[in-house]
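Here's the letter readout for the chains.
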Amino acid sequence: MRDRTSIHIQNLHKHFGKVQALKGISLAVDSGQIFGLLGPNGAGKTTLIRLLIGAIQPTSGTLSVLSLNPGKQKSALRQQIGYMPQSPALYEDLSPTDNIRFFGRAHQTGKLTQRVDEVLEFVGLSQRAHDPVYKFSGGMKQRVSLACALVHQPKMLFLDEPTSGIDPKLREAFWGHFRELTSAGVAIVVSTHQMDEALYCDKLAILHEGVLLADDTPSKLLWNSRAKIKIWRGPEVSEHEVTNYPAALPGLLQKEGLDNAISRIEVEEDRLETIVLRMINEQIGEKNKGDRK
Amino acid sequence: MIPSIKRMGAIAVRVLKQLRHDHRFVAISLVFPLAIIYFIKVVFDALASPFFDISIYVIPYAAFIVHFITFILTAIVLVRERTAGTLARMFISGYNQIEIISGYLVAYTVLATVQSLMVLLELNLLFELGYGIMVMAEMYLVMWLLSILSMALGMLVSNFARNEGQVFPFIPLVVLSVILSGIILPVEQLPEWSQILSYLTPLYYTNEVLQELIKGKALIDDVTLLLRLPAYGLIILVMVTVTLRERD
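Below, the structure is looked at part by part. (Residues numbered from 1 in each chain as written. Chains lettered and ligands numbered in written order. Predicted model: local features only at pLDDT ≥ 70, side-chain atom pairs only at ≥ 80, totals over all residues.)

**Details of helix α10 (residues 223-243) of chain B**
All names here are of chain B.
- When the terminal C-alpha atoms of α10 are compared, their 30 Å separation across 21 residues agrees well with the 30 Å that a helix rising 1.5 Å per residue should span.
- Considering bend angle alone, the principal kink of α10 is centred on leucine 229 and spans about 30°; proline proline 230 follows within four residues of it.
- Along α10, the residues classified as buried are Leu229, Tyr232, Gly233, Ile236, Leu237 and Val240.
- Packing partners of the buried residues in α10 comprise α5 (97-127), α6 (133-158) and α9 (202-215). (Helix = DSSP H or I, 4+ residues; strand = E, 2+ residues; numbered from the N terminus. Expected span 1.5 Å × (residues − 1). Bend = angle between axes of the 7 residues up to and from the residue. Buried ≥ 20, exposed ≤ 12 C-beta atoms within 10 Å, placed from the backbone. Contact = placed C-beta atoms within 7 Å.)

**Considerations on the sheet that holds strand β7 (residues 187-192) of chain A**
Residue and element names in this part refer to chain A.
- One open sheet accounts for six strands, arranged β5-β6-β7-β3-β8-β9; its pairing is mixed. A strand with exactly one partner marks an edge of an open sheet, and here the two such strands are β5 (81-84) and β9 (211-216). Put simply, the sheet's adjacent strands are angled 15° from each other on average, direction ignored.
- Direction of pairing for β5 relative to strand β6 (residues 156-160): parallel, over a ladder of four bridges. In the sheet register, glycine 82 faces β6, and the bridge partner there is leucine 157.
- Running at roughly 155° to β7, helix α6 (residues 168-183) makes contact with β3 (34-38), β6 and β7 of the sheet. (Pairing = 2+ DSSP bridges. Axes fitted to C-alpha atoms, helices over the stretch in contact; angles between N-to-C directions.)

**A closer look at the sheet that holds strand β11 (residues 236-243) of chain A**
Residues and elements named next belong to chain A.
- Reading across the sheet, the three strands line up as β11-β10-β12 and stay open at both edges, with antiparallel pairing between neighbours. If you trace the sheet from one side to the other, it starts and ends with β11 and β12 (262-269), each paired once. On average, adjacent strands in this sheet sit at an angle of 20° to one another, irrespective of strand direction.
- As paired elements, strand β10 (residues 226-233) and β12 share seven bridges and run antiparallel to each other. When the bridges of β12 are listed, alanine 227 appears paired with glutamate 269.

**Details of the interface of chain B and chain A**
- Residue-level contacts link 19 residues of chain B with 19 residues of chain A.
- Those elements that provide at least two residues to the side of chain B that touches chain A are α1 (5-21) and α4 (86-93) of chain B.
- Looking at the side of chain B that touches chain A, the element that brings in the most residues is α1 of chain B, giving seven residues.
- Taken together, the residues of the side of chain B that touches chain A sort by class into six nonpolar, six polar and seven charged. (Nonpolar A, V, L, I, M, F, W, Y, C, P; charged D, E, K, R; others polar.)

**Thoughts on the packing of α5 of chain B against α6 of chain B**
Residue and element names in this part refer to chain B.
- Two elements in contact, α5 and α6, have axes whose closest approach is 8 Å; the angle formed by their N-to-C orientations is 140°. By the angle between their directions, the pair α5 and α6 is classed as oblique. The crossing of α5 and α6 is right-handed.
- Residue composition of the contact of α5 with α6, grouped by class: 16 nonpolar, six polar and no charged. (Parallel < 35°, antiparallel > 145°, perpendicular 65-115°, else oblique. Left-handed = near helix turned anticlockwise from the far one by under 90°.)

**Overview of the nonpolar core**
- Leu52, Ala147 and Ile188 of chain A together with Ala152 of chain B are the most contacted members of the largest nonpolar core, which has 134 residues in total.
- Examining the composition of this core, we find that 13 residues originate from one element, α6 of chain B, more than from any other.
- Setting aside its immediate chain neighbours within four residues, alanine 152 of chain B contacts Gly233, Ile236, Leu237 and Val240 of chain B. (Core = buried A, V, L, I, M, F, W, Y, C linked by C-beta atoms within 7 Å.)

**A short note on the packing of helix α3 (residues 96-106) of chain A against helix α5 (residues 138-150) of chain A**
All names here are of chain A.
- Where α3 contacts α5, the axes come no closer than 8 Å and their chain directions differ by 30°. In terms of axis orientation, α3 runs roughly parallel to α5. Where α3 crosses over α5, the handedness of that crossing is right-handed. Contacts from Pro96, Asn99, Ile100 and Phe103 of α3 reach α5 at Val144, Ala147 and Cys148.
- Here the contact of α3 with α5 is built from residues that sort into six nonpolar, one polar and no charged.

This is how it looks when you write it as structure tokens:
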């Protein structure tokens, strides 16, 4: 069977002097998947992306992207990946067409004029193709930046907080674009610190201070969290706290005795934000305990 | 990755397109040297003396002005590429060091060609230098080479600056180089310990060639004299290539 894994990371460490930016990260990303890197500022998301695109070298550990070593096979890798940095990184006195064409030429993309038109259409900027970028809003600049990352039809996209600072409507449109790309087989690694966005991902890695706290699908992360279940029998209410409530609920109802007297069942799930914060607090608690020892 | 002429050309075309839109940059590059030379003329007129040979000074001064403005502008433009994140994006898109440096050089050489021509024409017009066409052509070649070399130096400095502000500490070094180069005072009259520093400044080699041309020597008669500036430029370009790093 063909290996569908696009990224393998094993025990990855990255130090900047005395600062440990990543502490033993191991994870895998499949092709055709949106893989989210979630965590607060300084969690190590950008460092991880920069390691994956070969912009910096790891201190120790192994990583491969599309079966290539980003540190040693940088040129071959960069022909196959697209990268959208946090800030738009565009030539603002030039038009979207000029910007996209310029980055397309780096990859010596065939039928460049046609590709430029296609990506402009994809991000909805065909009408403004020849206006200078400095006249654009922040969201429009992000769309030009995405088009630059897509012009050479990469197999894999790295997006560093692509929707930061843009309005909710445009943000939704962006996630629509990402979903279209994964349907075409492109793997996407996207960093974000916005919890609501994380639910759009197929898989999530939660990072805090360079430590991988969890690596799972959003639904499993939610299921494995705590949920409060309230069962009403007339005016009487009993409260239960369970983990993985879809699995726990049938057993709980059997225990309670499922009969006509049950008038209402209410499930209060933890939100992803609460789960992430709890994980971070638990990690801080463990770290403090270790420091005291 | 092997440098590609096509990718280098793409960078040159992009820089030229930007120059076409950046009227302020082009104006500073072309008009400022002309304005400064005009005021030098005003000063020299005020100090006029029959024993004072203006040409010994005025052409090297003009060279210094071209060097100074080109150096600062190139350094700032490249630092701006770095701070805007476009330099990192160029690397990640697959452009390499040699393509980036040569792309910039090709584009700015167009500007240097116009700049050197305008400066020499103005000098000839204001100071009535009266040199023959061959001497003027040789002076133009020297000025043109200095302009390109100044870009290379600007690129080198930009590799060590994280923002525009970090370029400014290098300005006193460029100003100091005008004294060290022998333009104002012959190098032999400077303290012995400082003479070694003179050989590090591009203006020293520029002044050396220009003074020989003013005395009537033809560049073709002394090829080593002619080759000093390109050789200096090549060393700087190698240093630029080695120090240009993909970092934020």
